[in-house]
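Chain residues, written in single-letter form:
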Amino acid sequence: MTAPDAGLHLSISNVSKRFGATTVLEDIHLGMAKGELVTLLGPSGCGKTTLLRVVAGLTHPDTGRVELAGRDITRAPPYKRNVGVVFQSYALFPHLDVAGNVGFGLKLRGLPKADIASAVHRALSLVHLERYADRPIRALSGGQQQRVALARAIAVEPSVILFDEALSALDRKLREAMQSELRHLLTQIGATAIFVTHDQEEALTMSDRVAVMYKGRIDQLADPRTLYDQPATAFALSFVGQSLSLKGKVVSSDADGSVVETSAGPLRVPRRFLRGSSVIVATRPEHVTLTAGDNTLTGTVVGATFQGSRSLVEIDAAGTRLTAEMPGRCTLPERGETVIFSWPLSETLSFSGEEHA
Amino acid sequence: MKQLAIIVSWAAAVFACLFLLAPLVVIAAASFSPTPVFDLPTGGASLRWYSRIGTLDGFWPALWLSVEIAVLSTLISLVVGTLAAIAITRGKLPGSEILAAALVSPLMMPGLVLGIGLLQYYRSVGFTASWSGLLLAHLVITLPYVARTMIAGLSRFDFTLIEAGLTLGCTWPQSIVRVMIPALAPSFLIASLFSFLASFDNYPVSIFLTDVRTKTLPIKMLQYIEEAPDPTIAALSTIILAGTVALLLIADRAVGLSRMAGTAE
Ligand SMILES: Nc1ncnc2c1ncn2[C@@H]1O[C@H](COP(=O)(O)OP(=O)(O)O)[C@@H](O)[C@H]1O
Ligand SMILES: [Mg+2]
């Protein structure tokens, strides 16, 4: 058991959960400051929803602790937590109209009618639906229903709000609009929020920090910038942003780093590994130039696409497909042309090949 | 060719409706006949047969019995059928489909067979109380209607609604009462309606289980027709018909007729 941090608003420590023989959450640690937005990013089935449910009190963890504002709520029922949830399916009440849904939690708390009405109006105007108060739920579009679900969750002024893939059902344009609106709204109400998504772009845009989840574990918890520049695992690298990577074996190692022999040639990495161990060497496409440099390889151009501000060049290096990103203005190599390309040692990432099978 | 097919289909639909409604129209018309002949009225209308309904021998006890049995069996079926439907749709039981089929199967069984079967069964176990026997038999009739409707309703019900209720401050019982039951209200209404009507107008099962003192309204009505075929029975039928139509209209206002007939979506 790690001692809970005093300054944290929401603290999840040591949380594990099994369903039968499958471990769905394994030793999860996550501490959040008041008003912070953390995104859980990971492929389907990695345990994101389960972790949200643990925080909401809808699922009890097998081990570990959940604390909210210093209070242990691990075993507290949902209705004693004041944690709001925007469900993936929205879970709006079909027998109530928009105002009835938004005011549901307030009515339950026994507030006077006038107070409920003004709180409902306030919540609905935050999501720009004040004119829809007396519509039935089924008369709303998907985007509007999503906003009603959001208004319903914030109307009771929860101290933590959880979003389970709340935007994934919306079309791209609406989703992008909602992302910035939601971010703005959360800052306004100052709630601590956990946002679940499997869309990395959404994670990078929205969050203060991103927790990359893989098979029930948090692989890396970092701000978007660090996550992109210094991915902690090969999984975090492949899940966030574009990358090119090559697998190889360490042939020599010294104080400055190691040399890895890959199918395309030897590559230097700025990190020490045991000789003979299997290592993944990687970089981001924008660090690649078509000149010689620290880590230089030769390959055949298999395709080049102009995309305005940038161009993508696909290179086959001894059977491995790599993508390099060039500034839009540069002259692109021809298809079939043999090119040398390189990236600097400082932008070379490396991961132990045994980390993930 | 396609147009012809549509015209033929429409004609068939209209004909089927007329065919189904014609007897009801005849009965309603006959009930206003001023003469004691069971005939279509030609010389003016009269309400004299309606005023005679209440004077029929044993009418009020029979009506009361039928209403009582229909209401009770509907209420019990609602509770039992809903719980069974929850178990079937949510319980992840092995063989829940077989259970569902068994629960709904009396719907497909001829009432006559059911009646004889129950009579034999009651006799063999020495169960002679006719009122409770009748109620039990009507449970067999109404339970399938409720179970079928509630299985359909629950399989469409999103159980995260209950969890949404919890996160908004409901305790478990509150979430059931404030979220699940009102959200399922349309299903409850449809189930009650079908169940009540199935019990209230049942003849083939009841006939085997009644004695001199416990006779349901449908049985009594057949007896009246055999004794004195005057338009009083037509008047009574018309009232029952009007009551049924009123119930359907109320239900339609509440949930929509197409959902009741099972023709929606
Ligand atoms: N109630 C449950 N019983 C059994 N297995 C479950 C249950 N809930 C989730 N799981 C399993 O746990 C894993 C993680 O699920 P979930 O948290 O929903 O993942 P995600 O939201 O990241 O897609 C999945 O393999 C899922 O099948
Ligand atoms: Mg999920």
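Keep in mind it's a predicted model, so treat the numbers as computed, not measured.

Caption draft 1: Summary view of the overall build of chain B. Counting secondary structure elements, chain B contains 12 helices and zero strands. The N-to-C order of helical and strand elements in chain B reads α-α-α-α-α-α-α-α-α-α-α-α. Here the C-alpha coordinates of chain B stretch approximately 70 × 65 × 40 Å along the principal axes. Across the 265 residues in chain B, those meeting the buried criterion constitute 38%. Restricting the contact set of chain B to residue pairs at least 6 apart, pairs at least 24 apart contribute 68%. Carbon and sulfur atoms form 72% of the exposed surface of chain B, whose accessible area is close to 14,700 Å². Between the averaged position of the 14 positive side-chain charges in chain B and that of its 13 negative side-chain charges there is a distance of 5 Å.

Caption draft 2: Local environment of the overall build of chain A. Helix and strand content of chain A: eight helices and 19 strands. For chain A, the spread of C-alpha atoms along the three principal axes comes to 75 × 50 × 35 Å. Evaluated residue by residue, chain A yields a buried proportion of 50% over its 357 residues. When contacts within chain A are restricted to residue pairs at least 6 apart in sequence, long-range pairs at least 24 apart make up 64% of them. Counting only carbon and sulfur atoms, one obtains 50% of the accessible surface of chain A, whose full area is about 16,300 Å². Averaging the coordinates of the 38 positive side-chain charges in chain A and doing the same for the 37 negative ones gives two points 7 Å apart.

Caption draft 3: Inspection of the interface of chain A and chain B at higher detail. At the junction of the two partners, chain A supplies 19 residues and chain B supplies 18 residues. Surface buried jointly by chain A and chain B totals about 1,600 Å² across both partners, of which 71% is contributed by carbon and sulfur atoms. If you sort the residues of chain A by the area they bury against chain B, Tyr 79, His 95 and Leu 108 of chain A come out on top, with a joint share of 33%. The interface formed by chain A and chain B includes one salt bridge. A salt bridge links Glu 163 of chain B to Arg 53 of chain A; the nearest nitrogen and oxygen atoms lie 2.8 Å apart. Between the two partners, chain A and chain B, sit four residue pairs in polar contact (both at pLDDT 80 or more). Looking at the side of chain A that touches chain B, the elements with two or more residues in it are strand 6 (83–86) and helix 2 (98–108) of chain A. With three residues, the top contributor of residues to the side of chain A that touches chain B is helix 2 of chain A. Of the residues in the side of chain A that touches chain B, the class split is 13 nonpolar, three polar and three charged.

Caption draft 4: Molecular detail of the nonpolar core. All names here are of chain A. Of all hydrophobic cores here, the largest spans 93 residues; its most connected members are Leu 40, Val 102, Leu 150, Leu 162, Phe 163 and Ile 194. In terms of residues, this core owes the most to one element, helix 4 (residues 142–155), which gives seven residues. Beyond its immediate sequence surroundings of up to four residues, Phe 163 is in contact with Leu 52, Val 86, Leu 150, Leu 182, Leu 186, Ala 193, Ile 194, Phe 195 and Val 196. Ranked by size, the runner-up nonpolar core spans 21 residues in total, among them Val 260, Leu 267, Val 279 and Phe 341.

Caption draft 5: Looking closely at the environment of Arg 138 of chain A. With respect to the helices and strands, the residue Arg 138 of chain A is situated in the loop between helix 3 (113–126) and helix 4. Along the chain, Arg 138 of chain A and Ile 340 of chain A lie 202 residues apart, while their C-alpha atoms are 59 Å from each other.

Caption draft 6: Summary view of the packing of aromatic side chains. A full pass over the atoms with the stated rule returns 12 aromatic pairs over all chains. For the ring pair Phe 93 of chain A and Phe 104 of chain A, a centre distance of 4.6 Å and an interplane angle of 50 degrees mean the geometry is tilted. With a gap of 11 residues between them, Phe 93 of chain A in the loop between strand 6 and helix 2 and Phe 104 of chain A in helix 2 connect regions that are remote in the sequence. Judged by its relative accessible area of 0%, Phe 93 of chain A falls in the buried class. On the basis of relative accessibility, which here comes to 6%, the residue Phe 104 of chain A falls in the buried class. Taking the centre distance of 4.1 Å and the plane angle of 35 degrees together, the rings of Tyr 214 of chain A and Phe 235 of chain A count as tilted. With a gap of 21 residues between them, Tyr 214 of chain A in strand 9 (residues 209–214) and Phe 235 of chain A in helix 8 (residues 234–239) connect regions that are remote in the sequence. Accessibility classification places Tyr 214 of chain A together with Phe 235 of chain A in one group, the buried group. An aromatic cluster is defined as three or more aromatic residues linked by ring pairs; in this entry it consists of Tyr 214, Phe 235 and Phe 239 of chain A. One Lys or Arg, Arg 152 of chain A, reaches over the ring of Phe 93 of chain A and ends 4.6 Å from the middle of that ring. For the cation-ring pair, Arg 90 of chain B lies above Phe 159 of chain B, with the distance from its terminal atom to the ring centre recorded as 3.9 Å.

Caption draft 7: The arrangement of the site of ligand 1 in detail. Residues and elements named next belong to chain A. Around ligand 1, the neighbouring residues are Phe 19, Val 24, Pro 43, Ser 44, Gly 45, Cys 46, Gly 47, Lys 48, Thr 49 and Thr 50. The backbone of Gly 45 places a nitrogen or oxygen atom 2.6 Å from an oxygen atom of ligand 1. One nitrogen or oxygen atom from the side chain of Thr 49 is found 2.6 Å from an oxygen atom belonging to ligand 1. Its free accessible area being 560 Å², ligand 1 has 54% of it covered by the protein chains. Considering each element in turn, the shell around ligand 1 owes the most residues, three residues, to helix 1 (residues 48–56). Along the lines of polarity and charge, the residues of the shell around ligand 1 split into four nonpolar, five polar and one charged.

Caption draft 8: Quick peek at the environment of Gly 257 of chain A. Residues and elements named next belong to chain A. Locating Gly 257 in the fold gives a position in strand 12 (residues 257–262). When its relative accessible area of 1% is taken as the criterion, Gly 257 is described as buried. A C-alpha to C-alpha distance of 4.3 Å links Gly 257 and Arg 271, two positions 14 residues apart in sequence. Apart from residues no more than four positions distant in its own chain, Gly 257 is found in contact with Arg 268, Val 269, Pro 270, Arg 271 and Arg 272.

Caption draft 9: Quick look at unusual backbone geometry. All names here are of chain A. With a phi angle near 50 degrees, Ala 91 is a residue other than glycine that sits in the positive phi range. Turning to its location among the elements, Ala 91 is positioned in the loop between strand 6 and helix 2. In this structure, Glu 165 takes a positive phi of about 45 degrees despite not being glycine. Looking at the secondary structure, you find Glu 165 in the loop between strand 7 (160–164) and helix 5 (172–189).

Conventions we followed
- Residues numbered from 1 in each chain as written.
- Chains lettered and ligands numbered in written order.
- Predicted model: local features only at pLDDT ≥ 70, side-chain atom pairs only at ≥ 80, totals over all residues.
- Heavy atoms only, no water.
- Helix = DSSP H or I, 4+ residues; strand = E, 2+ residues; numbered from the N terminus.
- Buried < 20%, exposed > 50% of the residue type's maximum accessible area, 1.4 Å probe, protein only.
- Contact = heavy atoms within 4.5 Å.
- Areas by Shrake-Rupley, 256 points an atom, 1.4 Å probe, with all protein chains shown as cover.
- Lys, Arg positive; Asp, Glu negative; His and termini not counted.
- Charge placed at Lys NZ, Arg CZ, Asp CG, Glu CD.
- Buried area = accessible area lost by both parts, 1.4 Å probe.
- Salt bridge = Lys/Arg side-chain N within 4 Å of Asp/Glu carboxyl O.
- Polar contact = N/O pair within 3.5 Å; in protein donor to acceptor, adjacent residues only side chain to side chain.
- Nonpolar A, V, L, I, M, F, W, Y, C, P; charged D, E, K, R; others polar.
- Core = buried A, V, L, I, M, F, W, Y, C linked by side-chain atoms within 4.5 Å.
- Phe/Tyr/Trp six-rings, centres within 6.5 Å; stacked < 30°, edge-to-face > 60°.
- Lys NZ or Arg CZ within 6 Å of the ring centre and 35° of its normal.
- Near = heavy atom within 4 Å.

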